[in-house]
Amino acid sequence: GQNIDQPTEMTATEGAIVQINCTYQTSGFNGLFWYQQHAGEAPTFLSYNVLDGLEEKGRFSSFLSRSKGYSYLLLKELQMKDSASYLCAVFSGGYNKLIFGAGTRLAVHP
Amino acid sequence: DVKVTQSSRYLVKRTGEKVFLECVQDMDHENMFWYRQDPGLGLRLIYFSYDVKMKEKGDIPEGYSVSREKKERFSLILESASTNQTSMYLCASSPHGTGNTEAFFGQGTRLTVV
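Draft legend 1. Representation of the state of the cysteines in the model. Considering all chains together, one arrives at 2 disulfides over all chains under this definition. A disulfide bridge connects A:Cys22 with A:Cys88, and the sulfur atoms are separated by 2.0 Å. Classification of the bridge connecting A:Cys22 and A:Cys88 rests on its S-S torsion, roughly -70°, and on that basis the disulfide is left-handed. Here A:Cys22 is found in strand β3 (residues 18–25), whereas its partner A:Cys88 is found in strand β9 (residues 84–92), with 66 residues between them in sequence. The buried category is assigned to A:Cys88, whose relative accessible area is 0%. The disulfide bridge from B:Cys23 ends at B:Cys91, spanning 1.9 Å between sulfur atoms. Since a negative S-S torsion denotes a left-handed disulfide, the B:Cys23-B:Cys91 link at about -75° is left-handed. Of this pair, B:Cys23 sits in strand β3 (residues 19–25) while B:Cys91 sits in strand β9 (residues 87–94), and the two are 68 residues apart along the sequence.

Below you can see the structure in the form of structure tokens.
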């Protein structure tokens, strides 16, 4: 079967660092994405990993370990506008079937 | 500016009606996807298409069908709408191939079946 797991909710303080974990079991792997979704809006792309290691992009970084089926999204210097849902998604299969986890709702407090 | 356009933002339909949700992309992408999003369940894949006239079932295809007659357009059809199909429906598209094949999303259609 195919399974992508993330924590349901997280809270953090403005200015802090937060790590959102994602574990996956899929038939085939062609890359892992992180998306951000604000309430009532469409998901928007944050990061992509296909090889093991860390990808850094400003305040956001994403890490992948293919052997462990594990990824995390690291958000630094949190801002109030980072309050959103963060979706982990895996491309699997020969035609890049895109499967999402249930998402992690992050609340940033002053 | 890349664009995925869904035909309606809000839709109200009656139980038993046939419902068409349309999605158009202007990026010449091969892959197109239909998801529904419900609180606590995230985005669940209904159907996807990797080429014109080609389709694959996702995780929850029951009660839905799709049509892809042209590369830019992917339609989701509810043959006989039911109240449990009340949801937010999101369309996405992405290119084939390896590398950063980022998917782009439409704004979503909030469907209410009464």
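There's more to say after this.
Draft legend 2. Spotlight on the packing of aromatic side chains. Following the criterion strictly, the structure yields 17 aromatic pairs over all chains and no others. The interplanar angle of 85° and the centroid separation of 5.6 Å between the aromatic rings of A:Tyr35 and B:Phe105 together place this pair among those described as edge-to-face. Here B:Phe105 lies in strand β10 (residues 104–105) and A:Tyr35 lies in strand β4 (residues 32–37), a pairing that spans two chains. The class for A:Tyr35 is buried, based on a relative accessible area of 0%.

Draft legend 3. Up close: the interface of chain A and chain B. Between chain A and chain B, the contact holds 18 residues from the first and 27 residues from the second. Of the roughly 1800 Å² buried at the junction of chain A and chain B (both faces included), carbon and sulfur atoms supply 59%. Applying the counting criterion to the chain A and chain B interface returns 0 salt bridges. Linking chain A to chain B there are 3 residue pairs in polar contact (both at pLDDT 80 or more). Among the secondary structure elements, those contributing two or more residues to the side of chain A that touches chain B are β4, β5 (44–49), β9 and β10 (97–100) of chain A. Here the element with the most residues in the side of chain A that touches chain B is β10(A); it accounts for 4 residues. In terms of residue class, the side of chain A that touches chain B is made up of 13 nonpolar, 4 polar and 1 charged.

Draft legend 4. Representation of the sheet that holds strand β8 (residues 73–78) of chain B. Residue and element names in this part refer to chain B. Taken in spatial order, the 4 strands of this open sheet run β1-β3-β8-β7, and their pairing is antiparallel. The sheet terminates laterally at β1 (4–6) and β7 (64–70), the two strands that pair on one side only. The mean inter-strand angle of the sheet, taken between neighbouring strand axes irrespective of direction, is 20°. Bridge count for β3 against β8 is 6 bridges, and the pairing is antiparallel. Bridge pairing links phenylalanine 20 to isoleucine 77 in β8.

Draft legend 5. Here's a closer look at the sheet that holds strand β7 (residues 60–65) of chain A. Residue and element names in this part refer to chain A. Strand order in this open sheet of 5 strands is β1-β3-β8-β7-β6, and the pairing throughout is antiparallel. Whereas interior strands pair on both sides, the edge strands pair on one side only; in this sheet they are β1 (3–5) and β6 (53–57). When strand polarity is set aside, the average angle formed by the axes of neighbouring strands in this sheet is 15°. Judged from the 3 bridges that link them, β1 and β3 form a sheet pairing that is antiparallel. Residue pairing in the sheet places isoleucine 4 in a bridge with tyrosine 24 of β3.

Draft legend 6. Looking closely at the layout of surface pockets. Estimates place the volume of the largest pocket at around 560 Å³. Taken together, 23 residues form the lining of the largest pocket, with A:Gln37, A:Ser85, A:Arg105, B:Gln37 and B:Pro39 sitting closest to its centre. The element contributing the most residues to the lining of the largest pocket is β9(A), with 3 residues. Grouping the constituent residues of the lining of the largest pocket by class yields 7 nonpolar, 12 polar and 4 charged. Along the wall of the second largest pocket there are 16 residues; nearest its centre are A:Ala42, A:Pro43, A:Thr44, B:Phe105 and B:Gln107.

What counts and how
- Residues numbered from 1 in each chain as written.
- Chains lettered and ligands numbered in written order.
- Predicted model: local features only at pLDDT ≥ 70, side-chain atom pairs only at ≥ 80, totals over all residues.
- Heavy atoms only, no water.
- Disulfide = S-S within 2.5 Å.
- Helix = DSSP H or I, 4+ residues; strand = E, 2+ residues; numbered from the N terminus.
- Buried < 20%, exposed > 50% of the residue type's maximum accessible area, 1.4 Å probe, protein only.
- Phe/Tyr/Trp six-rings, centres within 6.5 Å; stacked < 30°, edge-to-face > 60°.
- Contact = heavy atoms within 4.5 Å.
- Buried area = accessible area lost by both parts, 1.4 Å probe.
- Salt bridge = Lys/Arg side-chain N within 4 Å of Asp/Glu carboxyl O.
- Polar contact = N/O pair within 3.5 Å; in protein donor to acceptor, adjacent residues only side chain to side chain.
- Nonpolar A, V, L, I, M, F, W, Y, C, P; charged D, E, K, R; others polar.
- Pairing = 2+ DSSP bridges.
- Axes fitted to C-alpha atoms, helices over the stretch in contact; angles between N-to-C directions.
- 1 Å grid on protein atoms, 1.4 Å probe; cavity = no way out; pocket = protein on both sides within 12 Å on 5 of 7 lines; lining within 4 Å.
- Points joined across faces, edges and corners; volume = space filled by probe spheres on them.

Honestly, that's just the spatial picture; any functional story needs more than this.
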